[in-house]
Every structure is written in C-alpha cells, then in structure tokens.
Amino acid sequence: MFLWRKVGILGSGICGAFLLHEFWERKDVFTVQAFSFWSSSKVEEEGQDMKLKLVQIVFRHGARTPISRLPPSIEQATWSTDLVKDVPHTLIDYRVESLDGGPRPPSPVEDSYQKHGPHKGGARWGQLTTLGQQQMFDLGQLLRKHYVENNRFIDPDYNPQQVYVRSTNIKRTVESARCVLAGLFGNSQSDREGPVVIRTSTAEEEIFYPNRQNCLAMRPLIKTAWGLLDTALPGYREDRLKLQSILGIEEARQFNIFGLRDELTARKAHGLPIPEHLAAQEDVVELRATQCMAALVSGVEDGHSHALRLSTGPVIDLLTQNMLRAQNSENSHKLHLYSGHDTTLIPLLKALGIFDDRWPPYAAHVTVELYQDAKKNNFVKVLYLEEEKQVQGCSAVLCPFEEFKEAMATVALSHKAFWENCKIDQKKASQTTV
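Computed from a predicted structure; not experimentally measured.

Trainee: Sorry, what's going on with helix α6 (residues 257–269) here?
Mentor: Since the α-helix packs 3.6 residues into each turn, any two residues three or four apart lie on the same face. The end-to-end C-alpha distance of α6 is 18 Å, a good match for the 18 Å that 13 residues give at a rise of 1.5 Å each. Within α6, 12 of the 13 residues are buried, leaving the element largely enclosed by the surrounding structure. Within α6, burial applies to I257, F258, G259, L260, R261, D262, E263, L264, T265, A266, R267 and A269. Contact partners of the buried residues in α6: α2 (130–150), α4 (218–232), α5 (236–247), α7 (276–279) and α8 (282–298). At the N-terminal end of α6, a side-chain oxygen is found 3.3 Å from the backbone nitrogen of F258, two or three residues along, and the residue is N256. Phi for G271, located one or two positions after α6, is positive at around 70 degrees.

Trainee: Any chance you could explain α4 here in plain terms?
Mentor: When the terminal C-alpha atoms of α4 are compared, their 20 Å separation across 15 residues agrees well with the 21 Å that a helix rising 1.5 Å per residue should span. Of all the residues in α4, the buried ones are M218, R219, P220, I222, A225, W226 and L229. The inward-facing, buried residues of α4 contact α5, α6, α8 and α9 (306–328).

Trainee: Help me understand the state of the cysteines, please; the structure alone is not making it clear to me.
Mentor: By definition, a disulfide links the sulfur atoms of two cysteine residues through a covalent bond. Scanning the entire structure with this criterion turns up 2 disulfides. Paired through a disulfide, C215 and C422 show a sulfur-sulfur distance of 2.0 Å. On the sign convention where negative means left-handed, the S-S torsion of about -95 degrees between C215 and C422 marks this disulfide as left-handed. Of this pair, C215 sits in the loop between β5 (196–200) and α4 while C422 sits in helix α12 (residues 415–422), placing them 207 residues apart in sequence.

Trainee: For this particular structure, what's the right way to read the packing of aromatic side chains?
Mentor: A full pass over the atoms with the stated rule returns 7 aromatic pairs. Ring geometry for F418 versus W419: centroids 4.7 Å apart, planes at 70 degrees, classification edge-to-face. The exposure classification of F418 matches that of W419, with both residues buried. Feature note: the residues Y164, F208 and Y338 constitute an aromatic cluster, connected by ring pairs. Geometry around F153 places K334 over its ring, the cationic atom sitting 4.5 Å from the centre.

About the thresholds
- In every chain, residue numbers begin from 1 and rise along the written sequence.
- A pLDDT threshold of at least 70 governs which residues receive local features in this predicted model, and a stricter bar of 80 or more applies before side-chain atom pairs are shown or counted, although totals over entire chains, interfaces and linings include all residues.
- With hydrogens and water set aside, each side-chain value is computed from the structure's full complement of heavy atoms.
- Labels follow the DSSP assignment, with helices taken as runs of H or I lasting at least four residues and strands as runs of E lasting at least two, numbered in each case from the N terminus.
- Expected span, for any helix, means 1.5 Å times one less than how many residues it has.
- Burial status follows relative accessibility: with a 1.4 Å probe on protein chains alone, a residue under 20% of its type maximum counts as buried, one over 50% as exposed, and anything between as partly exposed.
- Contacts are assigned to residue pairs that have any heavy atoms within 4.5 Å of one another.
- Any N or O atom pair separated by 3.5 Å or less is treated as a polar contact, with the protein-specific requirement of one donor-capable and one acceptor-capable atom, and with residues adjacent in sequence counted only for side-chain atom pairs.
- Any cysteine sulfur atom paired with another within 2.5 Å is treated as part of a disulfide.
- For Phe, Tyr and Trp, where Trp contributes only its six-membered ring, two rings pair if their centres lie within 6.5 Å, and the inter-plane angle classes them as stacked under 30 degrees, edge-to-face over 60, or tilted in between.
- Should the NZ of a Lys or the CZ of an Arg lie within 6 Å of a ring centre and within 35 degrees of the ring normal, that charge is described as sitting over the ring.

Here's what the structure looks like:
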C-alpha cells in the first residue's frame, strides 16, 4: 500500500505528518513593499514623548520549494534549479554559531530533507528560492528605511553591539536571515566588524517551533487535539474525506493536509501548474489546514492552553526578558531578529490574541517595540504585517509593559520551566506514541 511520504520540523506523526510548516499567501505571495505603516522612533501619546528602546522582529522565511511529496496520483511539478539561484545582492559575509558562540550544531531536520533526494528538476526540498531571497531582502530594506533612514534608531552599518540575529538551524531560515541583513546593511563588508553572526540552537533545545520531537509532553496533547477535529470542526470530516478521495488515499491512511496545502502554495507562488481538480479545492484546503494547525498548536479550547504554552511559551518569555533588560540598560542590543517559520508565528499570534485565522504568508513577521517615556514608564506596541494590533489583555495598542507582562503571564514559560513542563512519564509516553 502506498503511504504518502512526508517530512517536517516535527517529524512524522498522527494523520500522516504533523508538518507544522508554511504558507498562506492571501492567494498569492506576501509583498513587503505593501507595508504602509510603521511607528516612528518617537511617538506622541497623551502629550508625552515616547522613545523607542527596543525592536524585536520574529519573521517567517521567504518562499521555498515544497517539503512534502504528493501521492503519485498527482503529477509532480518541475522544481528547476533556475528557481533557486542565489540573488547576488543578498550574498553577504556571515557565519553561523551556536547560542554559546561555539560551532554550528548539526541539523537533523535539514538532513531529513536531503534523504529524499532532489525534487523533479533538481531543486532540494525546503530550499529558499530566488523569489524567497528577494522577499527577505525587501523586508530588510523596509526595516532599513524605518529604523535607519527615517529614525536613526540603529547605525547604517552592521554593529554587533546593536543587532542580535537568531535563526532556527535550518538552511532556508538561516539564508532568510542573511537576506534580511543584506537588505538592512547592504552587501559591502568594508565597514563591518568581520562577518555577520547568526546564532542558532541545537535541535534538542530549539524553542522557535513547536519541538514535538524533544518536548515529549506535546505528543499526547497533539494526539488528543487531532482526535477531536472531526467533531470539533463542523464539516471537517466531510471535507477531509473528499480531499482524500481526490488524492486517491484510503480513509484509513494518515492524511497530510499540511503537505497538500504546502504544495499548492509553493506552486502558485512560483507560477507552476496546479491540477484543475486541486485548484478547485484550494479554499477548502486553506481553511481546513489553518484550522487544523491552530488546533494542534493551541488545543481546541479557547484561552492559553497547555498546548499553547508548550508551543510558544519560551518565545514569549524571551521577548519579555529582552524588554526587561532594555529598560534598565543602554548597552543591550537594540534590534533582535528571529528567523523562523509559520509554525513559529501561528502559536505566537494565538498567544498574543491577534491571530486572524489566516496562514502567515512568506516573509510575514511580528514586530514587538518597546517605548519609554520621560518618566521611565515603559510601553509595548505589537504589529503584525503592516498593522498595529491590540494584544489580548491590553487596554490599548500602546500597552503599559506591566499590563503586557500580566497578559502574557498565563502562557510565558522560562527556559527551565519549559523543559520541566516537557517531561512526561516514560510509561505514559510509550502508551501515547504518535
């Protein structure tokens, strides 16, 4: 019997693969030039000047090749190596280090992609494309216009004392960070203090995607959430069965709806043909994949569930701790860039209470700005895409820091608390393997 092959950040799992990955596109590709609003480094709020103290940006990588192979009933697209050529103006001198400054750790996720060989046409699985590189460069140029040219918040040349860069240890996110930095600071090395440093974690310690492989407590939560989808989401079972029929997959087989969505999205972004019978189901695939992902990373219940805490709690805590340090020090980094995935953004958006029930597009990002007034009162502003958002639990868009911190208290988990929460009784774990 044919079993749909799959691979992803969280590894194989229930219903064909819990592939917590990428795309939405609003029916095409997100374009960073479309951003129309960015806050200034000083804002007027109730008559008081607000000084920008810290900017943290969590972004999704750019457009890429698929990370899942469709069943043989669907004709493969040709992912030519011409689609993944490097964009010259994004090629800067950089190196990747571990979080403690040591050599770059191994990347089992990246290795898993390569085990399947190239796509038809020669491109690798999950490879950042030429389009994706340009999207991230455009994002970097937008950040330069706002934080360098308009407001002079950071220096025009890369300054490692001002800018901190972290990426998941996967090639497309590292390269996306590179392209953003090229847009921010150009590709001239003459004024830099050596290569740009991009830091990354081991797979065992990664927090910038739901780390189901190493956080064992996620597994029974995921299994429970998936088991509830047919009844919790009206019409879901009927749509699932219809899609499985179209793909020629028996109901008993695990169904990888994320892989289907991923393939359709990647093809559309790069102008590759989509079979007519699948194109007619695009809206259904988009809706159901987004609903499934939201349920798997945050549970089917409302509020800050344990699943959501495990999916993004340490990220929330990291952002909060960075803001605490910036309030009391002029020597901390002023700009933090975090290169991740759609599965980084979806739980983060859910925790902030600003998820719009749409899959984050390529190059989407969440911006968290910290302001301080003349009396040393601190305020947080969050933006998603080009729009200011009022965080759930905050009384206004410009949210007093303590109010923001309190609103996030039920989801934030320190690094130590996160891994303590990830532990599970081994006997119980063996009974809930997914």
